[in-house]
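Residue-level structure breakdown
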Amino acid sequence: MNIGSLSLKYQKPILMLLVLMTLYGLVSYFSLPAREDPEITIREAIVATQFPGMSPTRVEALISKKLEESIRTISEVERIRSTSTTGLSIIHVEIADKYFQLDDIWQDLRNKVSETQARLPQGSHPSVVNDDFGDVAILTLALTADGFSMAQQQQMAEHIRDSLYRVNGTKNIEILGIQPQRIYIQATNAKLAQFGVSPDHIARQLQAQNIIQPGGSIDTGLRTITIEPSGNFDSVEALKNTLISIPKLQQPVVLQDIAEVKLDYIDPPHHKVYHNGQPALVFAISMLSGFNVLEYSPRLEAAIDDIQQTLPIGYELSIVTRQAEQVEQTVYGVSANVLQTLAIVLVVVMLFLGMRTGLIVGSIVPIVMLITLAVMSFIGINLERMSLATLIIALGLLVDNGIVIAEDFKRRLEQGQSRREALSQSPTGLAIPLLSSSVSTILFFLPLMLAQHAAGEYTRSISLVILISLMASWLLAIVITPLLCYHFLKVDNTDTTKGLAFYQNALQKSFQYKKSVIMLVLLMFALAIVAMSGVKKQFFPDSDRAQVLVYLELEPSASSKATDTVLQHVFTWLQQNKTELNYTTHAAYVGFGGPRFVLSLTPNDPAPNKAFMVINYDSAEELDTAIEKLRTGFAQHFPWVSARVTKMFLGPSDSSEIKIQVKGPDEAVIYDTAQQIKAYLSGIDGTIDIRDDWQGRITAIKVKIDQHKARQAGVTSTDVAERLQGYFDGVVLSEYREQDTIIPIVYRATHNERHTLDRLRTASVYASNQQQYVPLLQIAEFEPMVHFASIQKEDLFKTISIEARHLTHTAEDLKQHVNEKLNQLKQTLPLNHTIEYDGVIKESAEAQKSLAANMPIVLAVVVLLLVLQFNSFRRPLIIILTIPLSFIGAVIGLIIMQAPFGFMVSLGLYSLAGIIINNAIVLIDKIDQLRTNDTSLESAIIKACSSRVRPILMTTVTTILGLMPLILTKDPLFYGLACVLAFGLAIGTLLTLGVVPILYKILFSAQLTNQK
């Protein structure tokens, strides 16, 4: 019993199964989880450790280095990057791409960090490990208030957060912009000296009274009664009236007579957030995996609307970023392209094959698409730009199997076979060749599935969708298409030889000039290689999001207050020029990078001198003009601020930004080298946003304590350090508890004394032993000192990263302008110092390497399949030699369409190789069939090529036209790939139709001569 006979016998169950799968696919389209981008594993965690006031040099040596050395012992760790700034160590821990189960690794990281805490200097805050760094906020929501305090806003925000957690599918809600409250005890230096009390003395008395310690319990025999002594402060007023004993006075004094006591917010402000220039609290809402953004987001927004109705007048909730909008554009936009492509394919097939045959072949295509969606649902592939756009690519390939079966069935009927004979023989004879052809195409997509890189993971669904769709196409072609032909196909006498005379004459001419044709093709291939070097390179393209990112950076010593003040001026300027700039809304984050609201956007590490803005527009088409206006405006109105204005990007790295690293143990050497590189970059016209991540040097004041004088005065170095830190930065004395809220009680100097540099010279230090204040000037001298604002390290080596972008060049193009100078500079560096590329250039090289790593295996398997299919070495050789022919067309396409070469184009070249060899397989298989009938070699070649030229051209045209929606709409991610496939197939197919016959004749003419 063969395939055709079985399908006829069980046609009703087969039809039933087909209908069920089709319906399931249709349901899956509406129920599959939809996202903007594929879900990928973020293999990065952050370890943050604070030591307020400690210099970057000491933070690097005493905190960062010890943690790095401990973390480095984790075998799965691939890369460690640390940033040491004043009072803060931030370490980024990156895990190798081959690991997917990260929970145990993160627990190991926590254990290592915990073990290291004992070796950190006393006074270090406990290290915090954040392994939720990769959570993407599918919606960010701003709460603004008019007439309410920040504390009231915080309470309202917490109520809103708790209410939104009731929405099914919510993973996490983070509230950004909260300003914690503090109770400040502010005293002048003179007042404390007058009373002869130290901050420690006040702290001890406050702590002794402010208790929540139980007093035990009394067992009366019948019941147990607990005892709770009073004493904890129940109001700020009670704290003000706390009695403080004075050593030299008999009567205690109330605290407010010694110092000013007030309830306020943290100063300087901590991570303030603004929405449209108004102070706000922002909710970053992330969704659980497996939920559909297009289904979850409306429910979430409905809950937000309900909450808005219950808020007091003055509160307002506004959506800042909404991923559902992008998903709708992506999913529905690509879905529309799929339908357009489907219509194009069906029309082309009917034009080539006629109405009836075209409908038979074309009807399989939408069924294959729906079955593909059904399988995607079953194995958990989401609807996103990658998986949906792959369906467009696959559409042109799906008709190939059906065309071959239908034409073979029709040919058998024309030769006089009965329908049952044709049904019995056609699918059985073609099943293995078509399977081999489909598997060969799938194999060339296999490197993407096996690539151990973030870019490969980002695009992995492409190979999976191709695998599913082509195998479904093959299965339906050998089961369903013969059945449809059996029932509906009619034999007509249409002349199919029109237009073949030209091709046959061209073949005969090419046989006369075989060597010339081969040399011409080789010349074209060589020219394509040369031309490829001139193609613009871009790892991943810019995003089509209608948003502009603005990174503001002040001088490294600037405080968060100064950064906040600059932002206020920026808001005023934006509002005054709103009509010209034509933006809709904006959000700003002071001192940190805000939430990760899109997968590719990694928030910047916190720094008080930095701010981050997101400016929203109506259309992505406005962005180029808007960016130019913003850059000009910032340069004119805020020349003292470094403002980097850029688009969003797709993929793991920003392709517009070059990043060069200088590594080595000597800080002076690598810093001076970095300045030379910055000078090289500034000498290139059009280069902007040149910066390095050490941010230059900042001024500090060194207090040189004369230990002899200090001992005579009864003062220790600890007394000096603690006194100065408490005086200027503040020190926590105790806690004030208000229901479930804990508010630190902080001692510090008054505003005038804290913010006056001269006060350092007039400050006094309390001598614990002598119980008196000693002027600091008597025991210490002051001198300025300079140190780096930030110390960066990578894999335990000190590293300076220089970043820049060009107005027209991508990072990989800009590399060509500086590469020679960098190599020369590298030769002058001392031992153990080096210069290397990082960022997108490194990511691109690693991705290409990961993609190419499995190509030898793929080629070996393809060759093995071809050898098994043809039982020959020369035939597979001819087929493999056709692969470079597609490269010629691909390069022409990139140049004509001005598409950059990147990761997606590399994928297109690999897939193009898998598609183009099918033409050679079809031609050689037909030539061999005719030669078995004792047809002469040249006659067999011409007849075979004449009979196969129509189906080959038809599949090529359908594939090319199917790609048109991606090309005409300039899809941001698939434009380059579509251009490569379209031009590569068009020119590669034409060359294949000429080169394969010539190669076959050359190789097999020699065989005939040897046999004779």
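Going by what an unreviewed UniProt entry lists, the chain is known as Acriflavin resistance protein and is assigned to Catenovulum agarivorans DS-2.

A few words now on empty space enclosed by the protein. Taken as a whole and assessed by the stated rule, the structure comprises 5 cavities of 30 Å³ or more. Here the largest cavity is characterised by a volume of approximately 180 Å³. The wall of the largest cavity is formed by 15 residues, among which Leu397, Asp400, Thr441, Ile915 and Asn918 lie closest to the centre. Sorting elements by how many residues they give to the lining of the largest cavity places helix H13 (residues 385–414) first, with 4 residues. For the lining of the largest cavity, the class distribution of residues is 4 nonpolar, 10 polar and 1 charged.

In terms of backbone geometry, most residues other than glycine have negative phi values and most peptide bonds are trans. In this structure, the amide linkage connecting aspartate 267 to the following residue, proline 268, adopts the cis form with an omega of 5 degrees. Along the chain, proline 268 turns up in the loop between strand E12 (260–265) and strand E13 (273–275). Positive phi is not limited to glycine here, since leucine 796 has a value of about 75 degrees. For leucine 796, the location among the structural elements is in the loop between strand E29 (790–794) and strand E30 (797–806). The class for leucine 796 is partly exposed, based on a relative accessible area of 34%. Phi angles above zero are rare outside glycine, and glutamine 898 is one such case at about 55 degrees. Along the chain, glutamine 898 turns up in the loop between helix H32 (883–897) and helix H33 (903–931). Glutamine 898 sits in the exposed class, given a relative accessible area of 71%.

Each assigned domain of the chain is listed with its residue range as follows: domain 1 (3–36 + 331–539 + 847–1010), domain 2 (43–133) and domain 3 (181–268 + 698–788). The C-alpha-based centres of domain 2 and domain 3 are spaced at 32 Å. Facing the 5 residues of domain 2 at the interface are 4 residues of domain 3. Counting each side, the surface lost to burial between domain 2 and domain 3 is near 270 Å², with a carbon and sulfur contribution of 50%. Linking domain 2 to domain 3 there are 0 salt bridges. Linking domain 2 with domain 3 are 1 residue pair in polar contact (both at pLDDT 80 or more), by the criterion used here. Tallied by class, the residues present in the side of domain 2 that touches domain 3 amount to 2 nonpolar, 3 polar and no charged.

Angle between the axes and distance between the axes are the two parameters that describe a pair of packed helices. Closest axis-to-axis distance for the helix H18 (residues 514–532)/H32 pair is 9 Å, and the angle between their directions is 45 degrees. With respect to each other, H18 and H32 are oriented oblique. By crossing handedness, the relation of H18 to H32 is classed as left-handed. In contact with Val521, Met524, Phe525, Ala528, Ile529, Ala531 and Met532 of H18, H32 contributes Pro884, Leu885, Phe887, Ile888, Val891, Leu894 and Ile895. For the contact of H18 with H32, the class distribution of residues is 14 nonpolar, no polar and no charged.

A separate point is the pairing of strand E21 (residues 657–663). Counting buried positions along E21 gives 7 out of 7 residues, so the element sits mostly inside the fold. Side chains Glu657, Lys659, Gln661 and Lys663 of E21 all project onto a buried face; the interleaved residues Ile658, Ile660 and Val662 project onto the opposite face, where all are buried too. Where E21 lies against strand E31 (residues 834–839), 6 bridges are found, and the strand directions are antiparallel. Directly across from valine 662, in E31, lies its bridge partner isoleucine 835.

As a packed pair, helix H29 (residues 840–852) and H33 sit with axes 10 Å apart at the nearest point and diverge in direction by 15 degrees. By the angle class used here, H29 and H33 are roughly parallel. Regarding H29 and H33, the two cross each other, and that crossing is right-handed. Counting all contacts with H29, which are made through Ala847, Gln848, Leu851 and Ala852, the residues of H33 involved are Phe903, Ser906, Leu907 and Tyr910. Class assignment of the residues belonging to the contact of H29 with H33 gives a composition of 6 nonpolar, 2 polar and no charged.

Here we come to the sheet that holds strand E18 (residues 585–590). Read from one edge of the open sheet, 6 strands run E14-E13-E18-E19-E17-E20, paired in antiparallel fashion. The sheet is open, and its two borders are formed by strand E14 (278–279) and strand E20 (642–647), each paired with just one other strand. Note that E18 and strand E19 (residues 610–616) share 6 bridges and pair antiparallel. Bridging across to E19, histidine 586 finds its partner in isoleucine 615. Against the sheet, helix H19 (residues 560–576) engages E13, strand E17 (547–553), E18 and E19, with an angle of about 170 degrees to E18. Sitting on the sheet, helix H21 (residues 623–637) touches E17, E19 and E20, and the angle it makes with E20 is about 180 degrees.

Take helix H17 (residues 500–512) next. Structural remark: α-helix, 3.6 residues per turn; residues separated by three or four positions point the same way. With 13 residues, H17 should cover 18 Å at 1.5 Å per step; its first-to-last C-alpha distance of 19 Å lies within 8% of that length. Taken residue by residue, H17 has Leu500, Tyr503, Leu507, Ser510 and Phe511 as its buried positions. Considered in projection along H17, the buried side chains sweep an arc of 105 degrees and stay on one side of the axis. Exposed residues on H17 whose side chains face more than 90 degrees from its buried face are Phe502, Lys509 and Gln512.

Taken together, the 4 strands give an open sheet; going across it, the order is E6-E15-E5-E16, and neighbouring strands pair in antiparallel fashion. With one partner strand each, in any of the chains shown, strand E6 (170–176) and strand E16 (315–322) form the two edges of the open sheet. Strand-to-strand twist in this sheet, taken as the mean axis angle between neighbours without regard to direction, amounts to 20 degrees. Both strand E5 (residues 137–145) and strand E15 (residues 281–287) contribute to a ladder of 6 bridges, which runs antiparallel. What sits directly across from alanine 137, in E15, is serine 286. The strands touched by helix H10 (residues 293–310) within the sheet are E5, E6, E15 and E16, with E16 carrying the most contacts at an inclination of about 165 degrees. Contacting E5 and E16, helix H11 (residues 323–353) crosses the sheet at an angle of about 35 degrees to E16.

In terms of burial, E30 is a largely internal element, 9 of the 10 residues being buried. In this structure, E21 lies alongside E30, joined through 7 bridges in antiparallel fashion. Bridge pairing links glutamine 661 to serine 801 in E30. As defined by bridge partners, strand E22 (residues 687–692) adjoins E30 across 4 bridges and the pair is classed as antiparallel. Looking across to E30, one finds that aspartate 692 is bridged to isoleucine 802.

What follows concerns the environment of arginine 79. Looking at where arginine 79 falls in the secondary structure, it is placed in strand E2 (residues 77–85). Given the relative accessible area of 14%, arginine 79 is considered buried. Separated by 65 residues in sequence, arginine 79 and threonine 144 have C-alpha atoms that sit 40 Å apart. A distance of 2.9 Å separates the side chain of arginine 79 from the side chain of glutamate 794, its partner in a polar contact.

The rules behind these values
Residues numbered from 1 in each chain as written. Predicted model: local features only at pLDDT ≥ 70, side-chain atom pairs only at ≥ 80, totals over all residues. Heavy atoms only, no water. 1 Å grid on protein atoms, 1.4 Å probe; cavity = no way out; pocket = protein on both sides within 12 Å on 5 of 7 lines; lining within 4 Å. Points joined across faces, edges and corners; volume = space filled by probe spheres on them. Helix = DSSP H or I, 4+ residues; strand = E, 2+ residues; numbered from the N terminus. Nonpolar A, V, L, I, M, F, W, Y, C, P; charged D, E, K, R; others polar. Buried < 20%, exposed > 50% of the residue type's maximum accessible area, 1.4 Å probe, protein only. Domains from an automatic or database assignment. Contact = heavy atoms within 4.5 Å. Buried area = accessible area lost by both parts, 1.4 Å probe. Salt bridge = Lys/Arg side-chain N within 4 Å of Asp/Glu carboxyl O. Polar contact = N/O pair within 3.5 Å; in protein donor to acceptor, adjacent residues only side chain to side chain. Axes fitted to C-alpha atoms, helices over the stretch in contact; angles between N-to-C directions. Parallel < 35°, antiparallel > 145°, perpendicular 65-115°, else oblique. Left-handed = near helix turned anticlockwise from the far one by under 90°. Pairing = 2+ DSSP bridges. Expected span 1.5 Å × (residues − 1). Arc of directions from axis to C-beta.

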